[in-house]
Amino acid sequence: MNAKNFIVGGIVGGIVDFLLGWLFWGILFADFFPATDESKMNMLFIFLGCMTFGFFISYIFSKWAHIATAVTGASAGAVIALFMSLFHNFFYYGNNLTPDYKVLIMDVALTVVCGAIVGSIIGFVNGKMK
């Protein structure tokens, strides 16, 4: 595994994920999702979660898959995000008495789009750093 690709890809991917989350969930689709008490939001942990996702994708791409193009990165990122989003949403709604299927589907769709973009960026960065 190329450590430089892993670190740079993880940082860039995490920052892109954070910005996409702010754009999609915070601005473009904020009215679609249930209101969150902003005083209870911890932006540090949200940022750390995004960085974790970036490093997770970067690790898979650098260590196992050797993905170094934007197209294969987008494809792999979308598939990884699909399974992660389904995993998260199924457990979340499994503990919720009134699941909202429209919100679940929209959250999965947005997560797949974010995963594809993050994967594309990390694949591109890996390809440029060879």
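## Observations regarding helix H2 (residues 43–65)
(1) Moving on: Over its 23 residues, H2 extends 31 Å from the first C-alpha to the last, a length consistent with the 33 Å expected when each residue adds 1.5 Å.
(2) Moving on: Of the positions making up H2, those classed as buried are Cys50, Met51, Phe53, Gly54, Ile57, Ser58, Ile60, Phe61 and Ser62.
(3) Moving on: Regarding H2, its N-cap is Asn42, as a side-chain oxygen of that residue lies 3.1 Å from the backbone nitrogen of Leu44 further along.
(4) Moving on: Just beyond H2, the residue with positive phi is His66, at close to 50°.

## Considerations on the packing of aromatic side chains
(1) Moving on: Summed over the entire model, instances satisfying the criterion amount to 10 aromatic pairs.
(2) Moving on: Taking 5.6 Å as the distance between ring centres and 80° as the angle between the ring planes, the aromatic pair formed by Phe32 and Phe33 counts as edge-to-face.
(3) Moving on: Looking at Phe32, the relative accessible area reads 35%, which means it is partly exposed.
(4) Moving on: When the ring of Tyr92 is compared with that of Tyr93, the centres are 4.9 Å apart and the planes differ by 85°; the resulting orientation is edge-to-face.
(5) Moving on: By relative accessible area, which is 13% here, Tyr93 ends up buried.
(6) Moving on: Put simply, the rings of Phe24, Trp25, Phe29, Phe32 and Phe33 pair up and form one aromatic cluster.

## A word on helix H1 (residues 3–28)
(1) Moving on: An ideal rise of 1.5 Å per residue puts 38 Å on 26 residues; H1 measures up with 35 Å between its terminal C-alpha atoms.
(2) Moving on: Those residues of H1 that sit buried are Asn5, Gly9, Gly10, Gly13, Gly14, Val16, Asp17, Leu20, Gly21 and Phe24.
(3) Moving on: Those residues of H1 that are buried lie in contact with H2 and helix H4 (101–128).
(4) Moving on: Where H1 begins, the side chain of Asn2 points an oxygen toward the backbone nitrogen of Lys4, at a separation of 3.0 Å.

Calculation rules
Residues numbered from 1 in each chain as written. Predicted model: local features only at pLDDT ≥ 70, side-chain atom pairs only at ≥ 80, totals over all residues. Heavy atoms only, no water. Helix = DSSP H or I, 4+ residues; strand = E, 2+ residues; numbered from the N terminus. Expected span 1.5 Å × (residues − 1). Buried < 20%, exposed > 50% of the residue type's maximum accessible area, 1.4 Å probe, protein only. Polar contact = N/O pair within 3.5 Å; in protein donor to acceptor, adjacent residues only side chain to side chain. Phe/Tyr/Trp six-rings, centres within 6.5 Å; stacked < 30°, edge-to-face > 60°. Contact = heavy atoms within 4.5 Å.

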